[in-house]
Each structure stands twice: as structure tokens, then as C-alpha cells.
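Listed below are the residues making up each chain.
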Amino acid sequence: MGKFGKDKRDIYYRLAKEEGYRARSAFKLLQIDDQFHILNGVKRCVDLCAAPGSWSQVLARRLLVSDDKNDNKECCKIVAVDLQAMAPIPGVIQLQGDITNHSTATAIIDHFDGIAADLVVCDGAPDVTGLHDIDTYIQAELLLAGVNITTHILKPGGTFVAKIFRGKDVELLYSQLKIFFDEVIISKPRSSRTSSIEAFAVCRGYNPPNQYEPTMFNTLMEGECQKYFEQLDENKFHVNRTIIPFMACGDLSGFDSDTTYSLNIDNQKDYKYHEPNQKPIDPPYKVAVQLRKANALDKPMDFKSDSIDT
Ligand SMILES: C[S@@+](CC[C@H](N)C(=O)[O-])C[C@H]1O[C@@H](n2cnc3c(N)ncnc32)[C@H](O)[C@@H]1O
């Protein structure tokens, strides 16, 4: 496949480059916001698992714009966190850290001068192995780590948006989210491939159980933590089956992420190749790439997975 093949096969990859985004995932957050208006009135916002930074770019473009209708520029703060280093984005405070660490929660709150956030978004994904059950399990753990840290930093009534893999035990995750939020909707943006099990949980109205004290237990599903919730609020803790609404979002007559488009879309727009906007600065696969270039890998490695969208 030539240099243009991916532009043809993946319209959102191409549009991301044209519109200056670092990754195609930007469109997922844009479409979620268009549907649910999660950014309305937001003054403090946290982007968990943010690298390479396309969601932070969306947050910065939509929240830091100063015009007659929006005077947030002075007071809106965006903090982005990732394990990996990320190239700077004007107006975004960056923290390199692990979302499972308490010190990361403290560092975020310090940036907000002790005031909790209005919105937390989390597009966290582990390095996928291609083994679906393992990938889904690790993703669930990461989502729960996202919820854990969110309980330290989100204001009551606040909104949490997180990537979720719809694997076979996803209903347990829905129940966990319903413990903390009044409303949970699972949403599939048009820019997320249909073939991917990825979707996004849009959780509104943060409302933890009575007397809930935020902890950094590794998972909310484990026995001790579960017992803790049972003691706290019997009425609110149900790990029974929960029916969660599912909504597609994004312009349904717009671009389909599973379709291959001509390079001159509808002959209306002249095609011009764009390089990616920001290459990863220190990716975890760097050593493997170097080994491969030096012909030092035993056999070629395939990092592709057809079921996980990035
Ligand atoms: C799909 S990427 C996020 C893409 C990003 N939303 C964007 O639009 O550019 C997933 C990110 O999760 C990060 N991540 C995974 N586990 C993490 C952890 N425990 N703490 C912080 N970041 C983590 C990875 O380093 C990776 O950058």
C-alpha cells in the first residue's frame, strides 16, 4: 500500500491531518460533544490518558476560544495526563503520570487550586495484545482506574466520559458506573469503526454513594471494595443487570469510518497529501522499531488489531 492508501481507507485519519489534529480520535470527542453538549459551561476539565493529544486539542479549541458568546478564556483550565510524554498544546497543562496513582489525583487538584473539575474525559487504552478477552479485561481495569481517580477530582453533578470495550461482561461495568452517576449512556460515535468493540460511556450527574470516601483501590470490582459498598448504601449498590441506553452519535449522513472514499471526495475537494501533525515523541514501541530497522528482530511483528479502534 502506498503513502496515500491509509488516506483512502480511513477518512477520519485523513481529515484529522487536514484539520490539524494529532489523531483521528479527535472526531470521536467532537461527535460526542455535538450530541451530548458535554463541554457546555465547563471551566475545569481533565483529559486522562491524553497522548498524543487530539482530545486535548478538541478541548482547547472548544473551551479556550474567546468570542462574544464564550468568555471562558480567562478561567478555563485543562489538565492532560498520560504515562507517555506529549508534545505541548497551548493552553493545556500537562502531567506525565499514571492514572492509578494517588499522587496523580493530588497533582491534578493542585492545578485547580483545590477546586474539583466539571468534566473528566478518559480515552485510556492499554497496549493491545490482539487477544480479545485479555484486551477487554485490561481495558475494563483501566476504565475502573479512570473512575477511581475521577472520584477524587470530579465535582458533584459533574460529567465523566470514558472509552469502554463492549466485551461479554460489560454489564458489570455499567452497574459500577451507575453507582456513581445518575445517568449513564453508551454512545458509539460515527468515527469509531463499526468493527471495533469500542464505545464511550457518557456518565452525567456525579453522585457517589452516601459516605463514600474516594480510595485508590486498584479495582472497584474486587471483593473488599465490593463489601465496602454494600455496607455503605444498600439501596444504591446493585450489581444486578442494568439496562443502559445505547446511542449512535455523529452525523449519520456524514462520513462512515468503515468506508473507503476516493481521494477527491465527491470531486469537490482537491486532494493534497498531509504528513501526520505530531509524531509520537517517545512511544513504547520505539525500541521495536529500532530493532526492526537493524534487522535484529527474529521475525516481523504485526502490531495491527482489527478489533480495536484508535
Ligand atoms: C488511545 S490513546 C489516547 C488517545 C488520545 N485520547 C488522543 O486523542 O490523542 C490511549 C492512551 O492511554 C494511555 N494510558 C494507558 N494506561 C495509562 C495509565 N495507567 N495512566 C496514564 N495513561 C495511560 C497510553 O499511554 C495512551 O497514550
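Worth saying up front: this structure is predicted, and the values here are computed from it rather than measured.

A separate point is the overall build of the protein. Looking only at helices and strands, one finds 9 helices and 8 strands in the protein. Across the 310 residues of the protein, 48% fall into the buried class. Nonlocal contacts in the protein, meaning residues at least 24 apart in sequence, comprise 72% of its contacts between residues at least 6 apart.

The next thing to look at is the pattern of salt bridges. One side chain can pair with another of opposite charge once the charged atoms of both are near each other. Tallying each qualifying case throughout the model produces 13 salt bridges. A salt bridge links Arg-24 to Asp-10; the nearest nitrogen and oxygen atoms lie 2.9 Å apart. Remark: Asp-10 occurs in the loop between helix 1 (5–9) and helix 2 (11–18) and Arg-24 occurs in the loop between helix 2 and helix 3 (26–36); sequence separation between them is 14 residues. With respect to class, Arg-24 is no different from Asp-10; both count as buried. Three or more residues are tied together by salt bridges with common partners; here these are Lys-28, Asp-123, Lys-163 and Glu-198.

Moving on: the sheet that holds strand 2 (residues 77–82). Ordered by their spatial adjacency, 8 strands build an open sheet running 3-2-1-4-5-7-6-8, and the pairing between neighbours is mixed. Every interior strand has two partners, whereas the edge strands, strand 3 (92–96) and strand 8 (246–249), have only one. Direction aside, neighbouring strands of the sheet carry axes that sit 20° apart on average. Pairing geometry for strand 1 (residues 44–48) and strand 2, over 5 bridges, is parallel. Paired with Asp-47 across the strands is Ala-80, a residue of strand 2.

Judged by nonpolar contacts, the single largest core of 41 residues is most densely connected at Leu-48, Ile-108, Phe-160 and Ile-164. Top element by residues in this core is helix 6 (residues 132–153). It accounts for 8 residues. Filtering out sequence-adjacent residues up to four positions away, Leu-48 remains in contact with Val-81, Ile-99, Ile-108, Val-120, Val-121, Cys-122, Asp-123, Gly-124, Gly-146, Ile-149 and Thr-150. Formed by 37 residues, the second largest nonpolar core is a distinct cluster that contains Ala-16, Leu-29, Ala-80 and Leu-119.

Under the feature "binding site: S-adenosyl-L-methionine" (unreviewed entry), the UniProt entry names Gly-53, Trp-55, Asp-82, Asp-98 and Asp-123. When you line up the elements, Trp-55 lands in helix 4 (residues 54–63). Taking the relative accessible area as the measure of exposure, Trp-55 reaches 2% and is therefore buried. At 3.0 Å, the side chain of Trp-55 forms a polar contact with the backbone oxygen of Ser-25. Of note, Asp-123 is situated in the loop between strand 4 (117–122) and helix 6. Judged by its relative accessible area of 14%, Asp-123 is buried.

With that out of the way, let us pick up the packing of aromatic side chains. This model, assessed by the stated rule, comprises 7 aromatic pairs. Taking 5.5 Å as the distance between ring centres and 50° as the angle between the ring planes, the aromatic pair formed by Phe-181 and Tyr-206 counts as tilted. Of this pair, Phe-181 sits in strand 6 (residues 181–189) while Tyr-206 sits in strand 7 (residues 198–206), and the two are 25 residues apart along the sequence. Accessibility assignment for this pair places Phe-181 and Tyr-206 in one class, buried. Between Phe-255 and Tyr-261 the ring centres are 5.2 Å apart and the planes differ by 90°, which places this aromatic pair in the edge-to-face class.

Gly-53, Ser-54, Asp-82, Asp-98 and Asp-123 are the nearest of the 18 residues found near the ligand. In the environment of the ligand, an oxygen atom lies 3.3 Å from a nitrogen or oxygen atom belonging to the backbone of Pro-52. When the free accessible area of the ligand is taken as 610 Å², the share hidden by the protein chains comes to 90%. In terms of residue class, the shell around the ligand is built from 9 nonpolar, 6 polar and 3 charged.

At their nearest, the axes of helix 3 and helix 4 sit 8 Å apart, and the two run at 45° to each other. Classified by the interaxial angle, the pair formed by helix 3 and helix 4 is oblique. Considering only the axes of helix 3 and helix 4, their crossing is right-handed. Contacts between helix 3 and helix 4 involve Ala-26, Leu-29, Leu-30, Asp-33 and Asp-34 on the former and, on the latter, Ser-54, Trp-55, Val-58, Leu-59 and Arg-62. Taken together, the residues that form the contact of helix 3 with helix 4 break down as 6 nonpolar, 1 polar and 3 charged.

On to the state of the cysteines. By the definition in use, this model includes 0 disulfides. Distance from the sulfur of Cys-76, which forms no disulfide, to the nearest cysteine sulfur (Cys-45) is 6.6 Å.

In terms of residue burial, helix 2 counts as a mostly covered element, since 7 of its 8 residues are buried. Regarding helix 2, the residues found buried are Ile-11, Tyr-12, Tyr-13, Arg-14, Leu-15, Ala-16 and Lys-17. In the core, the buried residues of helix 2 are packed alongside helix 1 and helix 3. Capping the start of helix 2, Asp-10 holds a side-chain oxygen 3.2 Å from the backbone nitrogen of Tyr-12, two or three residues further along.

Analysis parameters
- Residues numbered from 1 in each chain as written.
- Predicted model: local features only at pLDDT ≥ 70, side-chain atom pairs only at ≥ 80, totals over all residues.
- Heavy atoms only, no water.
- Helix = DSSP H or I, 4+ residues; strand = E, 2+ residues; numbered from the N terminus.
- Buried < 20%, exposed > 50% of the residue type's maximum accessible area, 1.4 Å probe, protein only.
- Contact = heavy atoms within 4.5 Å.
- Salt bridge = Lys/Arg side-chain N within 4 Å of Asp/Glu carboxyl O.
- Pairing = 2+ DSSP bridges.
- Axes fitted to C-alpha atoms, helices over the stretch in contact; angles between N-to-C directions.
- Core = buried A, V, L, I, M, F, W, Y, C linked by side-chain atoms within 4.5 Å.
- UniProt positions renumbered as here; feature names shortened; annotations may be inferred.
- Polar contact = N/O pair within 3.5 Å; in protein donor to acceptor, adjacent residues only side chain to side chain.
- Phe/Tyr/Trp six-rings, centres within 6.5 Å; stacked < 30°, edge-to-face > 60°.
- Near = heavy atom within 4 Å.
- Areas by Shrake-Rupley, 256 points an atom, 1.4 Å probe, with all protein chains shown as cover.
- Nonpolar A, V, L, I, M, F, W, Y, C, P; charged D, E, K, R; others polar.
- Parallel < 35°, antiparallel > 145°, perpendicular 65-115°, else oblique.
- Left-handed = near helix turned anticlockwise from the far one by under 90°.
- Disulfide = S-S within 2.5 Å.

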